[in-house]
Amino acid sequence: QITLKESGPTLVKPTQTLTLTCTFSGFSLSSSGVGVGWIRQPPGKALEWLALIYWNDDERYSPSLRNRLTITKDTSKNQVVLTMTNMDPVDTGTYYCAHSSIGYCSSTSCLNYFDPWGQGTLVTVSS
Amino acid sequence: DIVMTQSPDSLAVSLGERATINCKSSQSVLYSSNNKNYLAWYQQKPGQPPKLVIYWASIRESGVPDRFSGSGSGTDFTLTISSLQAEDVAVYYCQQYYSSPPTFGQGTKLEIK
């Protein structure tokens, strides 16, 4: 059974850097094809994909947030860490990590759906 | 980026009746070489994370009741709940994974009439 759990601060100040950790079990990020992604959801709003890291250290980022995001993995600890710099109140929301994998490649990518998801962690950006 | 647009934004259906949610992509998410539509549907109940319901546009995730079905191809997709149950009340999202970045629809809130 695959499980994921997000952890990190619940409150950050504007301009600060957010660091979130996803701790998972039931799979290994050293296994071929495996990935972990981050997705966020502002209160009452839709889902927004942020970043993805694969077993082979391939990193993918949202183009609109690329210059603020860094995703890393620690295979020995079964953890994936997301850092987001220069936090702003509009970044308030629930941050989820989710299991993914390399899927059937299309003409442009080898993305896949996300399953399962962690419970999420609510991050509020306020002074 | 591929823009995903769902309709309607909200929907109220009587128990036991059919619920239909639509999702339209700004570009085709069908890859002709393998005839696969790179489209997933998620269910999000209040206070819970999204749960995968359908992938490859029409394949039901393990454990999902067979009253849920997905259809469509190319740019137009539909999630159908054949006989609405109380536990189906949720917000439903479509997601394309044909190209990066993966993108989600704005969500459709399904309620009981």
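About the criteria used
- Residues numbered from 1 in each chain as written.
- Chains lettered and ligands numbered in written order.
- Predicted model: local features only at pLDDT ≥ 70, side-chain atom pairs only at ≥ 80, totals over all residues.
- Heavy atoms only, no water.
- Helix = DSSP H or I, 4+ residues; strand = E, 2+ residues; numbered from the N terminus.
- Rg over C-alpha atoms; globule rule 2.2 N^0.38 Å.
- Buried < 20%, exposed > 50% of the residue type's maximum accessible area, 1.4 Å probe, protein only.
- Contact = heavy atoms within 4.5 Å.
- Areas by Shrake-Rupley, 256 points an atom, 1.4 Å probe, with all protein chains shown as cover.
- Lys, Arg positive; Asp, Glu negative; His and termini not counted.
- Charge placed at Lys NZ, Arg CZ, Asp CG, Glu CD.
- Pairing = 2+ DSSP bridges.
- Axes fitted to C-alpha atoms, helices over the stretch in contact; angles between N-to-C directions.
- Disulfide = S-S within 2.5 Å.

(A) Local environment of the overall build of chain A. Across its full length, chain A holds zero helices and ten strands. Put simply, chain A runs from its N terminus to its C terminus through helices and strands in the order β-β-β-β-β-β-β-β-β-β. Against the 2.2 N^0.38 benchmark of 14 Å for 127 residues, chain A shows a C-alpha radius of gyration of 14 Å, consistent with a compact globule. Dimensions along the principal axes, computed over C-alpha positions, put chain A at roughly 45 × 30 × 25 Å. A buried classification covers 46% of the 127 residues belonging to chain A. Taking the contacts inside chain A whose residues are at least 6 apart along the sequence as the reference set, 56% of them involve residues at least 24 apart. For chain A, the exposed surface amounts to about 5700 Å²; the carbon and sulfur share of it is 48%. Side-chain charges of chain A comprise 9 positive and 9 negative groups, with the mean position of each set lying 4 Å from the other.

(B) View of the pairing of strand S13 (residues 108–112) of chain B. Residue and element names in this part refer to chain B. Of the pairings in the sheet, the one linking strand S2 (residues 10–13) to S13 comprises four bridges and is parallel in character. Each bridged residue has a counterpart across the sheet, and for Val-13 the counterpart in S13 is Ile-112. In this structure, strand S11 (residues 90–96) lies alongside S13, joined through three bridges in antiparallel fashion. In the sheet register, Ala-90 faces S13, and the bridge partner there is Leu-110.

(C) Up close: the sheet that holds strand S9 (residues 93–101) of chain A. Residues and elements named next belong to chain A. Read across the sheet, six strands follow the order S2-S10-S9-S4-S5-S6 without closing on themselves; strand pairing throughout is mixed. Strand pairing shows two members of the sheet lacking a second neighbour, strand S2 (11–12) and strand S6 (59–61), which therefore form its edges. Relative to S9, strand S4 (residues 34–41) runs antiparallel, the two sharing eight bridges. The residue of S9 that forms the bridge with Ile-39 is Tyr-96.

(D) Broad picture of the pairing of strand S3 (residues 19–25) of chain B. Residue and element names in this part refer to chain B. The two faces of S3 differ: Ala-19, Ile-21, Cys-23 and Ser-25 on one face are buried, but Thr-20, Asn-22 and Lys-24 on the other face are not. In the sheet, strand S1 (residues 4–7) pairs with S3 via four bridges, with the strands oriented antiparallel. Looking across to S3, one finds that Met-4 is bridged to Ser-25. Here S3 pairs with strand S10 (residues 76–81) via six bridges, running antiparallel. Bridge pairing links Lys-24 to Asp-76 in S10.

(E) Highlighting the sheet that holds strand S7 (residues 69–74) of chain A. Residue and element names in this part refer to chain A. Pairing is antiparallel across the open sheet formed by four strands, whose spatial order is S1-S3-S8-S7. The outermost strands of the open sheet, each flanked by one partner alone, are strand S1 (3–7) and S7. Each neighbouring strand pair of the sheet contributes to a mean axis angle of 20 degrees, computed without reference to strand direction. Pairing analysis gives six bridges linking S7 to strand S8 (residues 79–84), with the strands arranged antiparallel. Pairing of Lys-73 across the sheet is with Val-80, part of S8.

(F) Molecular detail of the state of the cysteines. Per the stated rule, a full pass over the model turns up three disulfides over all chains. Residue Cys-22 of chain A pairs covalently with Cys-97 of chain A via a disulfide, S to S 2.2 Å. The sign of the 75 degrees torsion about the S-S bond sets the Cys-22 of chain A-Cys-97 of chain A disulfide as right-handed. Of the two residues, Cys-22 of chain A is situated in strand S3 (residues 18–25) and Cys-97 of chain A in strand S9; the sequence distance between them amounts to 75 residues. The disulfide partner of Cys-23 of chain B is Cys-94 of chain B, and the gap between their sulfur atoms is 2.1 Å. On the S-S bond that ties Cys-23 of chain B to Cys-94 of chain B, the torsion sits near 75 degrees, and the link is right-handed. Note that Cys-23 of chain B is positioned in strand S3 and Cys-94 of chain B in strand S11, a separation of 71 residues in sequence. Taken N- to C-terminal, the disulfide-bonded cysteines of chain A are connected 1-2, 3-4.

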